[in-house]
Every structure is written in structure tokens, then in C-alpha cells.
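Take a look at the letters that make up each chain.
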Number of protein chains: 4
Amino acid sequence: MIVVLKSNVDKEKQDRLVDWLKESGVDVHVSVGEFQTVLGLVGDTAKIDTDLVESLDIVDSVKRVTETFKQANRKFHPEDTVVSVGDVKIGGGNFCLIAGPCSVESEEQIVSIAKDVKKSGANMLRGGAFKPRTSPYDFQGLKAEGLELLKIARKETGLPIVSEIMNVGDLHLFDDVDVLQVGARNMQNFDLLRELGRTNKPILLKRGLANTLKELLMSAEYIMASGNENVILCERGIRTFSDYLRNTLDLSAVPMLHELSHLPVIVDPSHATGMARMVPPMALAAVGAGCDGLIIEVHNDPAHALCDGAQSLTPADYDKLVKKIVKVREAVTC
Amino acid sequence: MIVVLKSNVDKEKQDRLVDWLKESGVDVHVSVGEFQTVLGLVGDTAKIDTDLVESLDIVDSVKRVTETFKQANRKFHPEDTVVSVGDVKIGGGNFCLIAGPCSVESEEQIVSIAKDVKKSGANMLRGGAFKPRTSPYDFQGLKAEGLELLKIARKETGLPIVSEIMNVGDLHLFDDVDVLQVGARNMQNFDLLRELGRTNKPILLKRGLANTLKELLMSAEYIMASGNENVILCERGIRTFSDYLRNTLDLSAVPMLHELSHLPVIVDPSHATGMARMVPPMALAAVGAGCDGLIIEVHNDPAHALCDGAQSLTPADYDKLVKKIVKVREAVTC
Amino acid sequence: MIVVLKSNVDKEKQDRLVDWLKESGVDVHVSVGEFQTVLGLVGDTAKIDTDLVESLDIVDSVKRVTETFKQANRKFHPEDTVVSVGDVKIGGGNFCLIAGPCSVESEEQIVSIAKDVKKSGANMLRGGAFKPRTSPYDFQGLKAEGLELLKIARKETGLPIVSEIMNVGDLHLFDDVDVLQVGARNMQNFDLLRELGRTNKPILLKRGLANTLKELLMSAEYIMASGNENVILCERGIRTFSDYLRNTLDLSAVPMLHELSHLPVIVDPSHATGMARMVPPMALAAVGAGCDGLIIEVHNDPAHALCDGAQSLTPADYDKLVKKIVKVREAVTC
Amino acid sequence: MIVVLKSNVDKEKQDRLVDWLKESGVDVHVSVGEFQTVLGLVGDTAKIDTDLVESLDIVDSVKRVTETFKQANRKFHPEDTVVSVGDVKIGGGNFCLIAGPCSVESEEQIVSIAKDVKKSGANMLRGGAFKPRTSPYDFQGLKAEGLELLKIARKETGLPIVSEIMNVGDLHLFDDVDVLQVGARNMQNFDLLRELGRTNKPILLKRGLANTLKELLMSAEYIMASGNENVILCERGIRTFSDYLRNTLDLSAVPMLHELSHLPVIVDPSHATGMARMVPPMALAAVGAGCDGLIIEVHNDPAHALCDGAQSLTPADYDKLVKKIVKVREAVTC
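On a predicted model such as this, the values are computed, not experimentally measured, just so you know.

Cut-offs used in this document
Residues numbered from 1 in each chain as written. Chains lettered and ligands numbered in written order. Predicted model: local features only at pLDDT ≥ 70, side-chain atom pairs only at ≥ 80, totals over all residues. Heavy atoms only, no water. pLDDT = per-residue confidence, 0-100. Contact = heavy atoms within 4.5 Å. Buried < 20%, exposed > 50% of the residue type's maximum accessible area, 1.4 Å probe, protein only. Helix = DSSP H or I, 4+ residues; strand = E, 2+ residues; numbered from the N terminus. Pairing = 2+ DSSP bridges. Right-handed = clockwise from strand over helix to strand, strands pointing away. Buried area = accessible area lost by both parts, 1.4 Å probe. Salt bridge = Lys/Arg side-chain N within 4 Å of Asp/Glu carboxyl O. Polar contact = N/O pair within 3.5 Å; in protein donor to acceptor, adjacent residues only side chain to side chain. Nonpolar A, V, L, I, M, F, W, Y, C, P; charged D, E, K, R; others polar. Least-squares fit on C-alpha atoms with pLDDT ≥ 70 in both. Domains from an automatic or database assignment. Axes fitted to C-alpha atoms, helices over the stretch in contact; angles between N-to-C directions. Parallel < 35°, antiparallel > 145°, perpendicular 65-115°, else oblique. Left-handed = near helix turned anticlockwise from the far one by under 90°.

## With respect to the confidence of the model for chain A
All names here are of chain A.
Part 1: Summarising the model, chain A shows a mean pLDDT of 91, and 96% of its residues fall at 70 or more.
Part 2: Low pLDDT (under 50) marks residues 305-309, which in the prediction has 14 contacts with non-local residues, meaning those over four places away or in another chain.
Part 3: If you check the scores for this complex, the pTM reads 0.92 and the ipTM reads 0.91.

See the structure below:
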């Protein structure tokens with residue numbers, strides 16, 4: 001950790017700071033420059049509160065030399081992590097195609113979509129049972145019943161199932177769910193992350209709407225620090241000043257997360273754009289950026305299919321898209 | 001609700017959309033313009049999913065005429081809500097001064113600060129017992145013990161106490177806490193909001209780092225829809241591209257929230273800026289903007305006080321600041 | 001244009017607003033809803049200042065039904081525009097590869113790079129002569145001399161040349177430059193745009209760091225309204241809260257701009273990421289998103305090449321990348 | 001300047017970097033830590049391109065110890081700069097009240113407003129003659145004629161005049177204008193800044209919509225480096241994800257700019273909010289934050305005044321507001 005002091009700092013204040021840092025158990029090397037003095041801290045700096053130090057009036061800025069995420073950090077784990085879900089592998093060169101409806105609505109719906117997407121090449125089924133909704137008056141999902149319907153669809157197709165958990169109290173309901181998804185709004189629900197770390201389930205961790213890559217990796221670290229290393233990171237769009245699109249899909253997160261971490265990185269182009277017609281180009285773009293998989297909404301509901309326009313693709317559109325995904329992936333990885 | 005169609009829309013698709021909307025139970029008035037057709041929806045449009053309609057390929061855009069927040073909406077409740085915490089009143093012309101340390105650390109610390117801030121004019125005591133931390137390796141608070149220490153400080157000073165709750169499972173521990181705070185990271189933890197709505201406790205609801213005012217009011221609506229109308233809104237800084245400051249305190253939220261809602265609005269200049277020396281100007285600015293109260297970090301820890309620089313003010317600084325706050329408030333409300 | 005009034009609006013104020021709108025030459029249809037009144041404006045609403053109307057205290061919100069950009073609008077010009085630069089075509093299925101150094105430094109440098117990138121498949125040469133620099137103390141480019149060196153490289157290779165113009169006063173120096181680039185910081189330098197509209201040169205218009213797609217199209221409209229329809233749009237990254245990368249490349253802008261406008265859309269992955277190692281994945285992602293070309297920095301300067309790390313690719317890296325670009329483009333357009 | 005290398009860096013690459021840095025004329029101190037190596041650069045590091053160094057693949061990050069802005073930097077100029085405009089002083093404890101219409105429309109209009117705002121206590125008159133408009137089809141201002149009308153209003157009232165310049169080519173028209181304003185969209189029009197630095201006119205420099213404080217100060221540096229030290233900084237709202245307000249007024253910029261620079265800082269609450277009813281609370285908030293002046297739009301146009309709602313205040317509203325501004329300023333500075 002490097003602490004840059006302001007120019008012309010009072011010597012007494014500087015000494016008090018150095019003493020206090022040393023009491024925290026780190027070595028402090030003072031190097032005096034022409035205009036400013038720089039403190040180099042060596043040792044276990046993880047205990048030092050950088051925000052506190054940065055806020056001191058004699059301090060200009062603070063810089064951590066080593067990242068605070070350890071288990072998620074590629075520096076300490078150079079090999080790609082491969083997460084296994086039954087026979088499906090994600091990461092380390094293995095590409096996954098997760099597809100399914102936004103919400104589970106009925107047995108007929110989920111089984112039919114599961115069969116369709118499997119035929120197109122999907123190797124996992126998604127479906128929301130517990131739905132985080134901005135408004136208390138909106139449909140909140142079929143809950144436990146939705147999970148049961150997903151299991152029926154799994155039985156019919158063999159596809160492992162992915163569903164979102166919002167609350168520690170619901171954990172027992174997910175015993176037989178293959179992958180537990182943490183939604184964007186819960187990315188920093190630390191109590192939930194810690195509990196998920198105590199399971200051995202693969203966790204699909206979505207990046208929050210306004211969270212940095214470092215914060216995403218620190219949330220992965222919460223899960224890993226509790227003992228569960230099966231974390232799949234997911235970019236799903238960030239909040240910007242954008243006018244025509246709901247969110248801005250940050251695809252540069254894909255190669256950057258691969259550089260910072262050994263965890264697999266998948267992309268959700270459906271939530272990022274909110275429009276079915278934007279999903280194919282952004283899915284192909286994500287493959288171009290080198291992602292390890294795609295999670296895409298597919299439905300067969302005639303009301304939603306009304307004008308070929310909802311956020312979800314029809315099974316036919318998904319089928320066409322998968323063919324292109326396969327070709328672009330070949331072009332990228334050749 | 002107004003639905004603007006794209007130009008040259010296929011008549012058949014338009015008819016299917018109109019039929020589908022009517023089946024949802026609303027009346028649809030079609031008005032044909034020179035370039036585009038506009039549908040006016042009348043009736044209970046709350047059930048219509050605007051995101052779905054907006055994503056249809058024949059739809060240019062959708063606009064809600066009436067807001068989706070009802071109970072928090074000033075339109076349906078023109079009078080200011082006054083939240084009472086013991087003898088303290090917030091809103092409707094009543095100003096509150098909440099102060100205390102970031103974390104409760106010991107009985108001596110919290111009692112001493114409580115006495116200091118009370119002397120300066122504070123009428124509520126804050127202190128963190130459960131701490132949301134970005135890193136799993138950081139101090140997570142004294143938890144239940146911290147709440148007990150707050151109660152001792154309340155007994156000594158008579159100040160009502162405010163503390164953050166992170167998890168539905170901890171609710172029983174907060175039975176005897178006066179105001180329950182929902183932190184920025186939990187603003188859209190809907191299960192937590194719903195449970196807090198079932199208590200009769202005043203809830204201090206902090207705006208999330210990247211949440212719009214509408215989303216903040218929808219989260220208030222979750223609490224109110226479950227039966228608890230004692231919600232205090234709190235602006236605490238938003239995430240922007242800012243370089244020198246951690247967050248950007250969005251003070252224009254104060255008059256705008258007052259226009260949109262009848263709920264009281266307070267400001268937290270400590271978290272917004274992260275630097276003690278920025279707290280006084282931003283606290284006075286918040287008073288200028290017309291807020292109903294301020295929540296400010298104050299400590300007496302010599303390590304933190306090291307260089308007059310941490311995020312928290314010293315009791316002496318707080319005392320000076322309160323004197324100015326009182327004067328600016330007089331100037332603003334005269 | 002649709003004007004939504006607030007609930008319970010004073011009838012007299014409403015009448016004054018309607019009268020004033022009618023005096024502006026538009027027809028006004030008033031439709032009274034349960035909670036709110038909506039005004040539908042028909043006719044030449046381009047003269048109505050939406051900001052002014054929106055700021056009136058009886059107005060809830062205003063929505064333009066027709067976009068304010070006309071010549072750039074696909075609604076009024078459904079066919080893709082193809083911009084021709086000598087034999088090179090951009091848009092309408094024609095892909096362009098623009099490459100070259102950030103700054104022109106010497107004849108040897110620019111000629112050597114031009115030969116290299118031509119061999120790899122580039123069909124245009126870029127090079128900065130006038131450099132917009134955040135600091136007045138930084139190198140500002142070789143200016144007129146740099147343009148002369150670009151012309152030498154063009155003579156040697158046949159590649160048309162692209163260079164940035166910052167100032168109306170320099171326009172005479174660009175007489176023999178093939179494509180004039182408007183940089184992100186000048187996207188709303190309206191006097192410059194208007195003058196460029198009076199030339200018949202192809203203009204490469206970069207999106208500003210924090211400009212919406214609508215603003216980008218309005219800036220294209222400035223050029224087109226002055227008579228020059230040869231505009232190439234360029235996405236080059238937007239400013240967000242991003243931590244590890246300088247900017248956030250907004251690739252969803254590519255399909256959305258294609259939907260809104262008939263103009264070609266290219267992508268600059270070099271400036272967007274600022275790191276050579278991020279350029280290949282983001283270039284391939286841009287191709288996946290359907291862009292009409294790529295502008296990429298390539299250098300052969302041993303100092304810059306020091307550790308294979310600068311923003312610019314080496315000629316060898318560029319050669320490898322072009323091979324993949326070609327394959328991904330085939331996969332996407334097949 | 002501090003350069004943090006990645007862990008396990010190839011020794012040969014590190015040596016080449018150190019040699020290259022030394023060739024640039026700086027001393028390099030290498031300190032080897034447990035995980036990473038840190039290079040400390042001493043000497044004239046202004047010539048080192050931090051972006052280039054940061055992009056090298058062996059470099060983790062780069063940190064400038066001394067700011068790149070020099071003349072605008074409080075470190076090298078601890079006393080507040082006081083800018084004089086005739087008898088009016090700004091900064092160093094002197095507060096200025098600039099008011100007037102968005103656009104100059106007629107002699108009658110500008111003279112009448114000038115008299116009104118002078119009576120209320122304004123000490124400078126603003127009025128737009130050259131208007132930067134997003135759309136080429138919108139009114140672009142009265143241009144030279146507008147400046148002449150401003151001079152008439154100055155003659156009638158004695159108020160110095162402030163008007164925006166958009167183009168170097170118009171500079172001769174501003175010979176007799178007292179303060180030249182650089183608008184937000186031109187904040188990084190470096191050629192314009194450089195030319196303004198060659199005049200001795202006070203320059204009112206508005207912060208760009210998405211520019212950091214450092215970039216604002218670097219733009220001030222452009223003017224100062226050319227010889228003109230009369231720069232007034234102006235915060236006018238930044239672009240964020242905000243929903244109900246056009247921009248987010250960043251008032252924390254006021255104390256932070258005062259800490260970083262000796263230049264006066266004023267605030268424009270009219271453009272920041274875009275709604276007259278939001279101007280008074282945000283103006284008072286700005287005074288609370290410690291600004292050195294306010295620039296506020298005032299009009300007397302009955303069409304604009306229609307419903308007391310436009311961005312501009314009426315003269316009567318301005319008069320009331322000034323009375324409060326004076327009181328809040330007394331409370332803040334007592």
C-alpha cells in the first residue's frame with residue numbers, strides 16, 4: 001500500500017500517522033520527494049482501512065498495491081476455474097448456453113420451452129420462480145411451485161436448472177436446484193452471499209447495475225471465503241446516461257474479468273438490452289469478446305410473442321441465433 | 001398510459017396489440033397522427049407491463065401518465081407526513097439532527113459520543129451494529145452486542161436510537177430499536193422491505209448508489225403497501241464519474257422528492273463525501289436545499305481523530321457545525 | 001408531440017397554455033383522463049421548445065412523437081447510406097478497416113505503418129496531425145506538417161487518409177485529406193459541424209464521451225442540414241463509473257444506431273479501452289454487434305512497443321487480428 | 001510519479017522500462033515488495049505519458065504524485081484569486097450575483113430585465129447572443145446584434161455584461177464585452193481556450209456535462225498557460241442516470257475546487273435543474289456549499305412566464321430569492 005502525503009505536511013502529524021500505521025503491524029518506508037512525501041507500507045495491509053487513511057487531511061491519496069480479493073484473484077490462481085453442473089462444464093474453454101423464460105408460468109410452458117431450447121443446443125434451463133420486482137404491485141413469481149415446475153422440465157429434458165434466490169430464508173427450497181442465481185439487486189446482499197458460500201452449489205453471480213468489477217469480485221470473494229469456489233460471474237448491463245436502451249452492456253468487462261480472475265464469465269444480453277431485436281447482435285458481440293457462455297430469455301407465450309418484440313426471443317429466433325453463436329465462437333477461438 | 005407506435009405500422013399487428021390491451025381490462029383510444037399513431041390507455045393500467053409493451057417492435061415508446069407509486073405519492077396525499085420517534089418529529093417543518101459513530105465500538109465510546117452530540121443539539125443517536133462491508137475480511141460490526149450498547153446510551157441520554165438492519169432474520173433483535181435503517185445496498189432487497197412494512201417502526205430508507213428517485217419511492221411503496229407509513233427518505237450520494245470524491249451528493253433530490261412525495265427527506269453528507277472536511281459545507285448545502293434533517297457521523301476515537309481528517313467529525317467540529325445549521329435553517333425558512 | 005398535464009390543473013392556466021401553443025401554429029387536441037389531461041399537438045411541432053414546455057409548473061412531462069433529426073433518420077430514408085472514399089465504400093454491407101498511428105511522427109514512421117497495415121488488409125490510413133490534449137503542456141501534434149506526411153504515405157500505398165480537424169480556421173489545410181474526423185470533444189462544436197457540412201468531404205463523427213445517441217444524430221444532422229450527407233458515425237466508448245477501464249465501449253449503440261439511422265456506424269476499440277491487449281476482443285465484439293468498420297491504432301515505434309502493451313497494436317498483432325475479424329464477419333453475415 | 005508493476009514481472013521487460021524512463025530524463029527508484037515492485041519517478045515527470053505507461057502489460061497502475069495543473073493549483077498559489085470586472089470583485093470573500101435572460105431577444109427585453117435584476121441586487125448582467133443548440137433547426141441567437149443590445153443595457157444600468165463565445169473567429173465581436181463565457185460543450189475546445197488565454201478578459205469557464213474536476217482545472221490551465229489568469233470556474237450540473245431532473249448539480253465540486261485551486265467558483269442552478277421552481281432551493285444550497293457567486297436566468301417574457309414555470313425566474317421571484325441568498329450567505333460566513 002502506498003500513501004501519498006500532501007505537500008508541506010506538518011512533520012508532527014506525519015510522525016503520528018507513521019506511528020499509528022506501525023501499530024497496525026505494517027512496516028512503513030518513508031521516501032521524501034521534491035514536492036511530496038510517499039509512505040510505502042509493507043506487510044499485512046489488509047487490516048488498514050484505506051478509506052480512513054485517504055480521508056485524513058494530510059493525505060493526498062492511497063493506492064493498494066495488492067488487490068483485496070484473494071481467492072477470486074488470478075494472481076494467486078493462474079489456471080481457469082471450470083465449474084461443473086452435472087455433465088455441463090463452464091469456463092476453461094467450455095461454453096454454456098443457458099436459456100428459458102423470464103418467469104416460470106405453467107408446466108406446459110416450461111416443459112415446452114425446455115424441449116425447444118434443448119433442441120437448439122442449450123445445455124441449461126433458466127426460469128424465474130422468485131422475481132425481484134421494482135413495484136410491490138407486480139407479479140412476484142410462482143415461488144416454490146415454480147421451482148417444482150422447473151424440476152419437471154429437467155426430468156423431461158435432462159437439462160440442469162438455474163433459478164434466482166432472493167432470501168436466505170428460502171435456501172431450503174433450492175436443495176434440488178442445480179445453479180443458484182444471485183440477481184443484480186442482491187449482488188451486495190452480503191448475508192445471502194455468505195450463506196451461499198456454505199453450500200456447494202454453483203452460484204451464478206450477476207453484476208449489480210452500478211457496481212465496479214472490483215466490487216463484483218469482492219462479492220465473489222464473500223462466497224469463496226465461506227468455502228464455495230463454484231462461482232460464475234455474469235455481466236448483464238450497467239446503468240449509464242443511455243437514452244434508447246435500458247442499460248449499457250459492458251462487454252469490456254469480459255476480457256478484463258478474465259485478466260483479473262480465474263472464474264468463468266457469462267453474459268446476459270436479454271436483460272441488458274430489454275428488447276428481443278437487440279439480443280442477437282449483442283449475443284454475438286459477447287461471443288466476440290470471449291465470454292464463457294450466454295444466458296438468454298426464450299418464451300413461447302403468444303401474448304408476449306404478439307409482435308416478435310418482447311425482451312424474450314421466440315424458440316425459432318433462438319434456434320437461428322445459436323447457429324450463428326456457434327460459428328462466431330469457432331471464428332474467435334480458432 | 002400512452003403508447004406511441006412507430007410510423008407505418010402494419011395494421012394487423014396494431015389491431016392485435018389493441019385487442020390484447022383491451023383484454024387486460026383497459027380502454028384504448030386510437031389517435032392517428034401525420035407520422036405516427038398514438039394509443040391512449042384509460043382504466044387500471046397498473047397491470048400493464050410497460051417494459052413488455054415498450055419492447056414490442058411496432059412500439060416507439062410508452063409513457064405512464066400516472067405514477068406507479070401510490071401511497072408515497074403527494075398527488076394522493078398532499079399533506080406532509082410527520083414521522084414521530086418518541087418526542088422527536090421529522091417532516092412537516094420539523095427538523096431532526098441524527099448523529100453518532102459509524103460503528104458502535106464500546107460502551108464508553110457510544111455513551112460519550114451520545115452525551116456530546118446531545119449537548120450540541122442532536123435529537124437522535126446513530127450507530128452501526130451490523131455493518132455491510134464490501135470485503136468479507138473487514139470488521140462486520142458488534143451485531144447484537146452493539147444494539148445493547150446503543151440502548152445503554154439511550155438510557156443515559158434519552159436520545160432515540162437509529163441502527164441498520166441487513167437481514168430479515170435479525171428483525172427480532174431490533175424490537176427495542178427506535179428507527180430501523182435500510183442501507184443503500186439493500187434499497188431493493190424487497191423481502192426485507194416487505195417485512196419492515198409489517199412492523200410499526202419508523203424506517204430510515206437510504207437511496208441506493210445508482211437508484212433513481214422513482215425506484216427509491218417504489219421501495220418506500222413496498223414498506224407502505226405492507227402497512228407501515230413511517231418512512232423517512234435519505235439521500236446519501238450517487239455513483240457518477242466523479243474523480244476526487246467517492247460519491248456525488250445529489251441535493252436536487254431534496255426538493256424533487258418533496259414535490260413527488262409527502263414523506264420527509266433527510267441527507268447524509270458523511271457517506272456522500274467520505275471526508276470530514278467536506279461534511280460541513282455539504283451539510284449546510286443540504287439545509288439550503290430544504291431537507292428535513294441531517295444524519296452525520298461523529299466520533300471521539302483518537303486514532304480516527306489523528307489528523308482531523310476521517311469521514312467522521314469530532315464532537316467539537318459537530319458542535320460548531322450545528323450552530324451554523326441552525327442559522328442557515330432560520331435563513332431558509334424565514 | 002404529447003404534453004401530459006399534472007393532475008388538478010388550474011383550468012385558466014391550462015387554457016393559456018393551449019392558446020399559446022395554438023399561436024405557435026400547431027393544432028391541440030385535449031383529452032381528459034381520470035387523473036390527468038393530455039394535450040396532443042399536431043402540425044409543425046419542430047418550433048416548440050420542449051424544454052420550455054416541460055418546465056412549466058402545470059406540465060408533468062412532454063414527449064416528442066417524431067424525432068427532431070430528419071436527414072439522419074431512417075424513417076425518412078430507409079436505405080443504408082454508402083459513403084465512398086475513392087474506391088473504398090463504407091456501409092450497406094461494405095466493411096472498412098482504418099488503421100494507423102495515434103500521431104504522425106515522421107515520414108519513415110507513417111510510410112512504414114501504412115505499408116504494414118495495407119498488407120494486413122486495411123483499406124484506409126489514420127494518423128493524428130492536430131491532437132486534442134487535456135493538458136496544454138502535452139505534445140499537440142505536427143499539425144500542417146503531419147498532414148503532408150500523411151499525403152506521402154497515401155502516395156506510397158494508395159490508402160485514402162483520415163485525420164482529425166479541431167478548428168474551422170484549419171479547414172483550408174484539409175483540402176486534400178480524404179476523410180475529416182471530428183473528435184469526441186468536438187462532437188457538439190456546432191460551428192465546426194456547420195462548416196464541415198459546407199464541404200463535400202466524408203466526415204467521421206465520433207460520439208462524445210457523455211453524449212446520447214440522439215445527440216450524436218443531431219450532430220450528424222448539423223452536417224447534413226448544411227448539405228453534406230457523407231457522415232460516418234463512430235462509437236468510441238462512453239464515460240461511466242468503470243474502474244479498470246478508461247471508458248465503457250457501448251456496443252449496443254451499433255444495432256440501435258442502425259435502427260434509428262441509415263448512416264454507417266464504425267467502432268474505435270483502441271480509444272475505448274486504452275490498452276492494446278483489450279483491443280482484439282473488443283474489435284471482434286464490435287464485428288459481432290454488426291458494425292460497418294473498425295478504426296484501430298497501429299504503431300511500429302520501439303518505445304511504444306516496449307512491452308507489447310500500449311494502446312496501439314504492433315503491425316504483427318494487427319495482422320493476426322484482421323484474420324480473425326474477417327472470419328467473425330463471415331460468421332455474422334452468413 | 002509512482003509506477004506499480006504487476007507481480008512476477010519479467011526482469012528483462014522491467015529493465016527495459018526503467019531504461020526508457022531514465023532516457024526521458026527522470027530518476028527511477030526501484031523498491032521491491034513482497035508481491036509487487038514499485039518504481040518511484042523523481043524529476044520532471046510532466047513529459048511522461050501516464051496513459052502510455054499505464055497501458056504497458058507489465059504495469060499494474062500509475063499514480064501521479066503532483067497534479068498536472070500548475071497555475072490553477074492552490075499548492076503553488078495558496079491565496080484566493082480575486083477576479084475584477086470593473087468594480088465587481090469575485091472570489092476571496094467577494095460574492096457576485098449574475099442574472100439575465102437565456103437569450104437576448106430585444107432592446108426592450110434586455111434593458112427591462114437589466115433594470116429589474118439590478119434593483120434586486122445583481123451586480124452583473126448575463127444574456128446569450130450566440131446560442132449553442134443541440135438541433136440545427138433551433139434559434140441560434142441574435143449574434144452580433146445581441147451583443148450590441150447587451151451593451152445598451154450596460155449603458156442604462158452600469159452592470160458589466162457576460163456573454164458566451166463559441167468560436168475563435170467571433171473573438172473580435174467580444175472586444176467590448178466584460179466577461180466571456182465558455183459553455184459546457186466547449187470546455188475542451190482547446191483552440192478556443194488558448195485564444196482566450198491571449199486576451200486579458202475575465203473568462204467564465206463552465207464545467208462540461210461529463211468532465212471531472214481535474215479536466216475542468218486542466219482547461220483553466222490552458223487559458224492561464226497562455227497568459228490570462230482571470231478565470232472563474234462554474235459548476236452547472238453533470239450528466240448522470242437521474243430520472244426527474246435534466247442534470248445533477250454537483251455541489252460537492254464547490255468545496256473540492258476551492259481545496260484544489262485558488263480560482264473563484266460560481267454555480268448555475270438554472271441550467272442544472274432546467275425548472276424555475278428548483279432554482280431557489282438549489283441556489284440556496286449552492287450558497288450553503290460556499291460558492292463565490294450565482295448565475296441565474298431571469299426573464300420578463302409573458303409567454304415564458306405563462307405558468308410561473310420555465311427555467312427562468314420572473315424578476316419578482318428573483319427579488320425574493322436574492323433576499324434569502326443574502327441571509328444564507330451571512331449565516332454561512334459568520
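## Describing the pairing of strand S10 (residues 179-182) of chain D
All names here are of chain D.
Part 1: A two-sided burial pattern is seen for S10, the buried positions comprising Val179 and Gln181 on one face and Leu180 and Val182 on the other.
Part 2: Pairing of S10 with strand S11 (residues 203-206), which is carried by 3 bridges, proceeds in the parallel orientation. Directly across from glutamine 181, in S11, lies its bridge partner leucine 204.
Part 3: This β-α-β element, S10 to helix H5 (residues 190-197) to S11, shows right-handed connectivity.

## Comments concerning the interface of chain D and chain A
Size of an interface, as often reported, equals the accessible area lost when the parts are brought together.
Part 1: Chain D puts 18 residues into the contact, and the matching count from chain A is 18 residues.
Part 2: Carbon and sulfur atoms supply 65% of the area that chain D and chain A bury against each other, a total of about 1700 Å² over both sides.
Part 3: Put simply, lysine 6 of chain D and glutamate 259 of chain A hold a salt bridge, and the shortest N to O gap is 3.4 Å.
Part 4: For the pair chain D and chain A, the number of links is 2 residue pairs in polar contact (both at pLDDT 80 or more).
Part 5: Per-element accounting of the side of chain D that touches chain A gives the leading share, 3 residues, to strand S4 (residues 59-63) of chain D.
Part 6: For the side of chain D that touches chain A, the per-class residue count stands at 7 nonpolar, 5 polar and 6 charged.

## Quick notes on the relation of the copies chain C and chain D
Each of the two chain copies goes to the other by way of a rotation about an axis and a shift along it.
Part 1: Rotating chain C by 180° about the axis while translating it 0.0 Å along that axis superimposes it on chain D, leaving an RMSD of 0.0 Å. In symmetry terms, the pair is related by a two-fold rotation axis. If distances are taken from each C-alpha of chain C to the rotation axis, the shortest is found for alanine 210 of chain C, at 2.9 Å.
Part 2: Of all interface residues in chain C, 100% are interface residues in chain D too; the two copies therefore contact each other through one and the same surface.

## Focus: the relation of the copies chain D and chain A
Part 1: Each copy of the sequence occupies a distinct position, and chain D is placed on chain A by a rotation of 180° and an axial shift of 0.0 Å, giving an RMSD of 0.0 Å.
Part 2: In this assembly the copies share their binding face: 100% of the residues contributing to the interface of chain D also contribute to that of chain A.

## Quick word on the pairing of strand S10 (residues 179-182) of chain C
Part 1: Bridging between strand S9 (residues 161-164) of chain C and S10 of chain C involves 3 bridges; their strand directions are parallel. Looking at S10 of chain C, one finds that valine 162 of chain C is bridged to valine 179 of chain C.

## Points about the domain arrangement of chain A
Part 1: Along its sequence, chain A is organised into domain 1 (2-63) and domain 2 (83-333).
Part 2: Centre-to-centre separation of domain 1 of chain A and domain 2 of chain A, based on C-alpha positions: 44 Å.

## Here's the deal with the packing of helix H6 (residues 213-225) of chain B against helix H7 (residues 253-260) of chain B
Residue and element names in this part refer to chain B.
Part 1: For the pair H6 and H7, the least separation of the axes is 11 Å and the interaxial angle reads 50°. With respect to their mutual orientation, H6 and H7 come out oblique. Like other packed secondary-structure pairs, H6 and H7 cross with a definite hand, here right-handed. Residues Leu213, Leu216 and Leu217 of H6 pack against Ala253, Met256, Leu257 and Leu260 of H7.
Part 2: Its residues placed into classes, the contact of H6 with H7 shows 7 nonpolar, no polar and no charged.

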